[in-house]
Amino acid sequence: MFANKIINWYQINKRELPWRNTQNPYFIWLSEIILQQTRVAQGLPYYNNFVEKYPTIKKMADVDEAEVLRTWQGLGYYSRARNLHFTAKYITNELNGEFPSNFNDLQKLKGIGRYTAAAIASFAFDERVPVVDGNVMRVLTRFYEIAEPIDKPKTQNTIFEIAQDLISKKSPALFNQAIMELGATICSPKNPNCLSCPIVESCASFKNKSWANFPFKAGKTKVTQREISYLVLYNKEGVFMKERPLGDIWSKLYDFPEFKVNEFASIENLIHELGFTSIGSIEKVQKKHILSHQKLSITFYKIKIEEEMKGNLDASFYDYSQVYAIPKPIVISNYIDENL
Ligand code: SF4
């Protein structure tokens with residue numbers, strides 16, 4: 001039987017991960033949000049750091065959003081961190097610190113969709129609901145040769161229903177852990193290790209040597225190119241930085257003032273128009289950075305300015321201890337570490 005086979009395999013082969021030894025819904029939620037779009041090896045130190053800094057949901061709710069963003073720095077997809085903090089505050093202040101304990105109520109929380117709600121309901125409260133992530137979709141589309149596009153809600157609903165039929169009545173949480181682990185470690189995207197797979201005998205795509213065709217996706221997201229030029233106006237005390245607006249990349253993180261190179265005759269003219277005087281030469285550094293939908297080509301113009309200059313910039317001057325503390329995109333943080 002499908003469920004028994006994968007559970008037996010899991011009990012012998014599972015990786016030891018800290019969030020597997022707890023039924024605390026807060027820790028499970030934290031791990032699931034960190035692991036969305038993130039590999040386990042990258043997410044693990046972040047998980048440990050979050051648990052150490054905010055051992056309870058109240059501890060997270062009590063700090064500023066900027067501090068949570070700072071702890072998240074480097075993981076990308078920052079809306080996850082903003083939603084995490086928002087929901088920690090909501091549960092602490094509006095629900096008396098009590099996590100909703102079922103699949104339906106969990107889905108009403110900000111940043112918690114069907115997948116995360118199922119993971120919390122299953123692992124923390126043992127509800128019999130399937131947890132269908134990318135790994136599970138890969139296993140099931142290959143096992144049954146499901147040729148429907150998995151990026152369409154209709155197919156996702158079909159796979160959810162199939163998983164609902166397969167899930168163990170006795171040990172739903174173990175079943176969910178087992179099928180996710182199978183997808184993560186054996187039924188991998190490029191080279192599945194079918195000969196070590198506990199369900200190989202009944203797998204349609206193993207029999208037909210068709211696993212490379214599954215899962216099938218209808219369309220890929222278009223990636224656009226974007227050029228960004230930064231003015232890095234600094235002196236020995238600190239540097240000018242600004243908070244990014246909502247609705248663009250890196251919302252509410254901090255970077256440097258941006259400008260359009262073509263709109264000015266020269267950098268020197270631009271600095272002059274902004275009311276600054278530069279000391280010494282202008283240092284130019286270029287970096288490439290890839291986000292999910294945009295390829296960024298970033299140019300930093302580093303310019304030393306005299307002390308106590310205010311200029312007329314839409315940015316604020318931060319001393320270096322503040323620069324360290326404010327949340328920044330990783331590419332900005334790396335630039336600062338290497339250049340300031
Ligand atoms: S037999 Fe191969 S393709 Fe089929 S589920 Fe197992 S690892 Fe995946």
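Remember, it's a predicted structure, so these values are computed and weren't measured experimentally.

What counts, and at which threshold
Residues numbered from 1 in each chain as written. Predicted model: local features only at pLDDT ≥ 70, side-chain atom pairs only at ≥ 80, totals over all residues. Heavy atoms only, no water. Helix = DSSP H or I, 4+ residues; strand = E, 2+ residues; numbered from the N terminus. 1 Å grid on protein atoms, 1.4 Å probe; cavity = no way out; pocket = protein on both sides within 12 Å on 5 of 7 lines; lining within 4 Å. Points joined across faces, edges and corners; volume = space filled by probe spheres on them. Nonpolar A, V, L, I, M, F, W, Y, C, P; charged D, E, K, R; others polar. Core = buried A, V, L, I, M, F, W, Y, C linked by side-chain atoms within 4.5 Å. Buried < 20%, exposed > 50% of the residue type's maximum accessible area, 1.4 Å probe, protein only. Domains from an automatic or database assignment. Contact = heavy atoms within 4.5 Å. Near = heavy atom within 4 Å. Sits in = over half its atoms within 2 Å of the grid points. Buried area = accessible area lost by both parts, 1.4 Å probe. Salt bridge = Lys/Arg side-chain N within 4 Å of Asp/Glu carboxyl O. Expected span 1.5 Å × (residues − 1).

**Quick look at unusual backbone geometry**
Geometrically, the link from Phe214 to Pro215 is a cis peptide bond, its omega value of -5 degrees lying close to zero. Among the structural elements, Pro215 can be located in the loop between helix H12 (204-207) and strand E1 (224-234). One non-glycine residue, Gln37, adopts positive backbone phi at about 65 degrees. Tracing the backbone shows Gln37 in the loop between helix H2 (25-35) and helix H3 (40-53). In the Ramachandran plot, Tyr77 falls in the positive-phi region, its phi being about 45 degrees despite a non-glycine side chain.

**Quick notes on the layout of surface pockets**
Its boundaries defined by the atoms lining it, the largest pocket holds a volume of some 1,100 Å³. Of all the secondary structure elements, the ones that give two or more residues to the lining of the largest pocket are H2, helix H8 (114-125), helix H9 (134-144), helix H10 (153-166) and helix H11 (172-185). Of all the elements, H8 adds the most residues to the lining of the largest pocket, at five residues. Of the residues that constitute the lining of the largest pocket, the class distribution is 16 nonpolar, 12 polar and eight charged.

**Some details on the nonpolar core**
Membership of the largest hydrophobic core comes to 93 residues, with the highest contact counts inside it found for Trp29, Met241 and Phe256. No fewer than three residues from each of domain 1 (2-213) and domain 2 (224-339) sit in this core. Setting aside residues no more than four positions away along its own chain, Met241 makes contact with Tyr254, Asp255, Phe256, Ala315, Ser316, Tyr318, Val323, Ile326, Lys328, Ile332 and Ile336. Membership of the second largest hydrophobic core comes to 15 residues, among which are Tyr301, Ile305, Met309 and Leu313.

**Thoughts on empty space enclosed by the protein**
Counted under the stated rule, the structure contains one cavity of 30 Å³ or more. Within this model, the largest cavity holds a volume of roughly 140 Å³. Arg142, Cys187, Cys194, Cys197 and Cys203 are the residues nearest the centre of the largest cavity, which is lined by 15 residues in total. Contributions of two or more residues to the lining of the largest cavity are made by H9 and H12. No other element matches H9, which puts three residues into the lining of the largest cavity. Split into classes, the residues belonging to the lining of the largest cavity amount to 13 nonpolar, one polar and one charged.

**Some points on the site of the ligand**
Taken together, Arg142, Ile186, Cys187, Pro192, Cys194, Cys197, Val200, Cys203, Ser205, Phe206 and Trp211 make up the full set of residues near the ligand. One can see that the ligand is located within the largest cavity. A per-class count over the shell around the ligand returns nine nonpolar, one polar and one charged.

**Focus on the domain arrangement of the protein**
Under the domain assignment, the protein is made up of domain 1 (2-213) and domain 2 (224-339). On a C-alpha basis, the centres of domain 1 and domain 2 stand 38 Å from each other. If you look at the interface, domain 1 gives nine residues, while domain 2 gives 13 residues. Looking only at domain 1, the three residues that lose the most surface to domain 2 are Arg70, Gln73 and Tyr78, adding up to 53% of its buried area. At the junction of domain 1 and domain 2, the tally comes to one salt bridge.

**Quick word on the environment of Asn21**
Mapped onto the elements of the fold, Asn21 is located in the loop between helix H1 (2-13) and H2. For the pair Asn21 and Pro257, spaced 236 residues apart in sequence, the C-alpha to C-alpha distance is 46 Å.

**Describing H8**
Here H8 contains 12 residues, and its C-alpha end-to-end distance of 15 Å stays within 8% of the 16 Å for a straight helix at 1.5 Å per residue. Across the 12 residues of H8, nine count as buried, placing the element largely inside the fold. Tucked inside the fold, the buried residues of H8 contact H2, helix H7 (103-106) and H11. Once H8 ends, the next one or two residues include Asp126, with phi positive near 60 degrees.

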